[in-house]
Structures are given as structure tokens and as C-alpha cells.
Amino acid sequence: MATKAKERFTAGLAPGARGEDVTALQDYLEHFGYLAAEDPEHDTFCGPSYPLGDGDDLAVLEDRPDADAGSFDDATAEALRHLQAYAGLRPTGEVDEPTAQLLNSKRCGNADQSELAEFSTSGRKWATNNLRYSLENTTPNITTGAVTMAMQQAFAMWSAHSPLRFTQVAASAGAEIRIRFATGAHAATGTNDPAFDGPGGVLAHAFYPSVPPAPVTAIMGDAHFDDAETWTVTVPPQAGHTDLVTVAAHEFGHSLGLGHSSVNGALMQAFYGGPQRTLHADDISGLQHLYGGVTLRHAAWIHGTGVQVEVDDNVESIRRYGFYTRIIGKPNTTNWYHFAIPTPVIVAGSRLNWHRALLRFVTGSTSTVVRDVHVYDGSSRIIAHQAVNLGGSNAMAVFGVPHKPPVYWGAGISIGVTTGAGTASERRIDLISGGVDFT
Amino acid sequence: MPRVRVRNDTGAPLTHVAIRVPGTPGPGLQLGPLESGTTSGWATVPVAYAIVGVEVDGDAGPATLQPFDLMDEPPIEHGELTYCLRREGARLSVELESDATTGDGASDDGMSDGWTTDGGTSGDAER
Ligand SMILES: [Zn+2]
Ligand SMILES: [Zn+2]
């Protein structure tokens, strides 16, 4: 089934325009804090406080430009230029094509997900949410440990936004998703498993689950990687190397029943475009269409002012404001910031399980990014999201824990932040909250 | 066997154009250079798909398109396919020309064995 996307914003909206499209644009700008809100009430995830300007605090946000509703006036154009500049687009003050794409992609929550859908699924899905995977072999270019971590991260991208749990089991255990590296013809007897085509060409393939209640065959869900490719987990990859995390996450999308998407930026697009270690809203829509969405069950947060810095020497300045900590890193440095999350371990006699880590933050430019997100239970690192490289405004960044293990000793989220060159404003990160959702 | 060709709709000349039918071992087909708006000559391939691997170079620098896989891509064993290359900033895209196949299937059933063409040549700017 393919559902055609209904684009909410189209290019061509410019100063002087009036009407519903302008009102929708103003609502959007209000929602993300670029225009003064008519209704100051805001929800938990998508408050109007993004992005934070220099020295912003809630009081300052009250002074955002005030536009005439339904009229593309100067205040609307100014707010739009602010948004464009922040997103790294040309600040034209008009809704041009790149801006329309931004407006249509930058959604919050799941309420309007059907409008985004251009994924395809055909109803293929697993009847269980507890899926097992096995690593049948590995690839010569990467250590087995790194391949294992790459697969965990790829599954975590899908588990973060669904009730699915992915547990690694032994190769002999008959896992639903069996992972194999192979070259050329590699079909087991009696299976329809196409040959790989050597270096270049296709990178991998996977096998859809059945359409319930049709029976599941052994090869369904399996993912095969062409071992004639040079696989890597290093970002950016060397020329001629291919990011295993990205390709694995794409193939696991097929293993779960998703087809290709025509939405720009979706992981489930047909073409590999280099490392992409987060899902696009369209991927999430497709996933949740099959397996249902997730709501926060037992979330625990810590306020951004509680963040701890690992290497003080790499910090140019640190200041705590009313609702966040602003850290300006020294140019071209990396640092780690740590959130210690208050952890409900046993609630009403039942031990909780991990589902995902949550972060709310803003960086001053795309050269300052949250590169890695590591999640700890006590002394055990239970998932590493490596090289996610998230910059800009992140109202709710979500990082799954694929096997959803029991919680024991307390949650810690450590974020590795790389700071580029540039002005102090461009080198800043505003840490607003860190949290964990348990299940 | 299907014949394939490429049209340069990137808006700029391409000094190098190569395509590779996914799933087929061996080097790609060299179909360039191609001036802006022009179409390459035909190349006969054992099988084709609606998607194709592409490698180009030009003023805007090199760019590639590499398919992850061939999920849901039926093989096309007859007919003629024109792949149109477009470029938006650094982003290269390829699209099968909509009138290059009959119907929307681009599969065996959708193609006519008697398909005829005037046989485009390099520099052919037909549109
Ligand atoms: Zn295979
Ligand atoms: Zn695919």
C-alpha cells in the first residue's frame, strides 16, 4: 500500500500573500518559537522555546515578532528568515522549494503522521513484537565487536519508535532475522535468494515477512550483505567504503515489512546516500503503520541545568540559564557531557525495562553536533548510538535500546559533542533536558 | 534484451556518465560525456530495472547514486528505457522517463516486443 503524501506547504508563498496557507505558516513559526504565540500554552515535546537565541530565556521569548494573522507581513518574513538561517537555508523570507521541504519535514509528535506517509508496506509484518536476530558470520574489514555494535544501533533506530524488541541470539537458535555476509551466488538449496553482483551495484538485500496470517518461512526477515563491498562503521567513510549501520538499518526496514519510500531524506529511499543513522518521519510513519506507535510509559527526566562536563579544559564558557545549560566549546574540540537520570527501577513491585533515551537540545550551527549518544545502566553501556551527528534544534531526539533489558543500577546518558570552528554563537550547545523512557 | 540510455537533465554538461544495472556484475556502461539536455546512445543490456546505479562528473563535482538493493524491482527484459538525470545542488537523482515504458509496470507484460524507436544518438536533444 502506498499512500500519497499530502504536502502542507508548497513553494511560492511570499510577502504580500494572504489566506489559510499564510496562517498555517504562522502557526508553524509560532509553534517553533519564531513568532510570538497567540496562545502561550505549549505541550511537553514541542514548546515554543526553540531555538534559543543568544541570551534567550523564557522572558525573552515573549518578545518574538508579532504577526498579523493570515497576512504575510514583515514580521512573518522576518521570522521565516530566522528559521531559514537557523536551518542553514538561504534566508529569503519566502517559502522557496528548500524551505517548503523543511516545513513539511519538521513535524512534531504523531498526530498528523498520515499526512507524511509515502512509505509502502503491503501489509507484510511480524505477528510478534519480540524479534530475535543472529549474526551468522561477519566481514573481514571490521571487528566482530564493531559489527555487533553496528547491528545493535541499526535495530535501535527502529525499536526507538515502536513496541518492537530485538534480541541477539545464537546462530543456531532459528532467529527471525538472520544476518549474513555473502558474495556472488549464495542461495541455500530451495530458496529464491538472488546472487550478489560484486563491488558496487547492490549493497545488500533482505526478505519481507509474510502478510499475516500467511505462514512464515525461514528466509523471511533475513538480511544479507554483499561482502564484495568494503564495509565500515567509521563516519565519514573513506572513499569506496560503505556505512554498515545505514545499510543494515535500511535492510532491517525491509525485514520488518517496509518497502521503498519516495520521500527525500527517508532511510527507506531506494538509493544509499552515505551515513544516515536516524530515521526520517516517513520511516517512522511506515513503521508505526505496521506495529503501532509508542507513548511515553515511565519517563524520567533530568533538567538541563544538571548536566556534568567531562573535560573542563575543552569548554570556553558554561552558563546555566533558567531552563538550560549553555556550553560554548573551544574550537575544534570534542567533549562529553553527562546526564545522570533519576531512575525508577522497580515500580509497584515490577522491574522496569529500558526502552529509549531522550534528549532535548539546540546547537548554534551544524558544525557543532551531538556526535555520539551512549546509554548506561550503572557501569554497563547498554547501547551506543555512534556518529548520529545531530545539530540544530532537537525538540525531542530519541535513541532506542533495541533489546529493552531490565533496569538495574541507574540510568546515565553520555553525549559526545564535537565543536567546529566558527563564532561562539555557532559553537554553542544548549542542553535543555535528558531523559529515559522505561517500559 | 532491453536497451537503455541516459539523458542529461542536470542543467550542466557532464564530463563523465556511467550507469550500472544493479545485480549485474562487472564495470558500468560508459555513456558520456553528455552536454546538458542531450541523450546518450543506446546500450543493450541483458536485463534492466526501473532504478539504476549512476556515476557522473562535471562542473558541480562527482556524484553517484547507488541502489541499496532491488526490493520490489521487477526485471525488465524487453523494451527501451531512458534514465533522466537531474541534479539539485549536490543531490543527484535519476528517474525512468515516464513514456519510456507502457503502463506503469515496466515489466515484461507491460513491454512490447515490437517497440520501435528512432534510435537516439549522443547529442540527441529530443525531449
Ligand atoms: Zn541473499
Ligand atoms: Zn531497499
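On to the overall build of chain B. Tallying secondary structure elements over chain B gives 0 helices and 8 strands in all. For chain B, the sequential pattern of α-helices and β-strands runs β-β-β-β-β-β-β-β. Across the 127 residues that make up chain B, the buried fraction comes to 48%. Put simply, 71% of the contacts in chain B that link residues at least 6 apart link residues at least 24 apart. Here chain B has roughly 6,000 Å² of accessible surface; of this, 49% comes from carbon and sulfur atoms.

Another aspect to go through is the overall build of chain A. Helix and strand content of chain A: 7 helices and 21 strands. Split into buried and exposed, the 439 residues of chain A put 54% on the buried side.

Residues and elements named next belong to chain A. An ideal rise of 1.5 Å per residue puts 16 Å on 12 residues; helix α6 (residues 244-255) measures up with 16 Å between its terminal C-alpha atoms. Counting buried positions along α6 yields 12 of 12 residues, so the element is predominantly enclosed. Glycine 257 lies just past α6 and shows a positive phi near 115°.

As a further point, take the sheet that holds strand β3 (residues 29-30) of chain B. The strand order across the open sheet formed by 5 strands is β8(A)-β6(B)-β5(B)-β2(B)-β3(B), and the pairing between neighbours is antiparallel. Sheet topology places β8 (271-272) of chain A together with β3 of chain B at the edges, where each strand pairs with a single neighbour. Relative to strand β5 (residues 53-58) of chain B, strand β2 (residues 14-20) of chain B is paired through 6 bridges, and the arrangement is antiparallel. Looking across to β5 of chain B, one finds that isoleucine 19 of chain B is bridged to valine 54 of chain B.

A separate point is the interface of chain B and chain A. Residue-level contacts link 19 residues of chain B with 28 residues of chain A. Note on chain B versus chain A: buried area summed over both sides is about 1,800 Å², and carbon and sulfur give 55% of it. Together, Gln66, Phe68 and Met71 of chain B form the three largest contributors to the area buried by chain B at its contact with chain A, with a combined 46%. For the pair chain B and chain A, the interface holds 2 salt bridges. For aspartate 197 of chain A, the salt bridge is made with arginine 20 of chain B, and the minimal N-O distance between the two is 4.0 Å.

All names here are of chain A. Along strand β5 (residues 223-226), one buried face is formed by Ala223 and Phe225 and the opposite face, lined by His224 and Asp226, is buried too. Bridging between strand β3 (residues 177-182) and β5 involves 4 bridges; their strand directions are parallel. Considered in β5, the bridge of alanine 182 is made with aspartate 226. Summarising the sheet, strand β4 (residues 204-206) and β5 pair through 3 bridges and their orientation is antiparallel. Looking across to β5, one finds that alanine 204 is bridged to phenylalanine 225.

So, on to the sheet that holds strand β13 (residues 333-341) of chain A. All names here are of chain A. With antiparallel pairing, 5 strands are arranged side by side in an open sheet as β10-β13-β20-β17-β18. Each edge of the sheet is formed by a strand with only one pairing partner; in this case those strands are β10 (308-309) and β18 (380-385). Here 5 bridges tie strand β17 (residues 369-377) to β18, and the two strands are oriented antiparallel to one another. Of the residues in β18, the one forming a bridge with aspartate 377 is serine 380.

What counts, and where the lines are drawn
- Residues numbered from 1 in each chain as written.
- Chains lettered and ligands numbered in written order.
- Predicted model: local features only at pLDDT ≥ 70, side-chain atom pairs only at ≥ 80, totals over all residues.
- Heavy atoms only, no water.
- Helix = DSSP H or I, 4+ residues; strand = E, 2+ residues; numbered from the N terminus.
- Buried < 20%, exposed > 50% of the residue type's maximum accessible area, 1.4 Å probe, protein only.
- Contact = heavy atoms within 4.5 Å.
- Areas by Shrake-Rupley, 256 points an atom, 1.4 Å probe, with all protein chains shown as cover.
- Expected span 1.5 Å × (residues − 1).
- Pairing = 2+ DSSP bridges.
- Buried area = accessible area lost by both parts, 1.4 Å probe.
- Salt bridge = Lys/Arg side-chain N within 4 Å of Asp/Glu carboxyl O.

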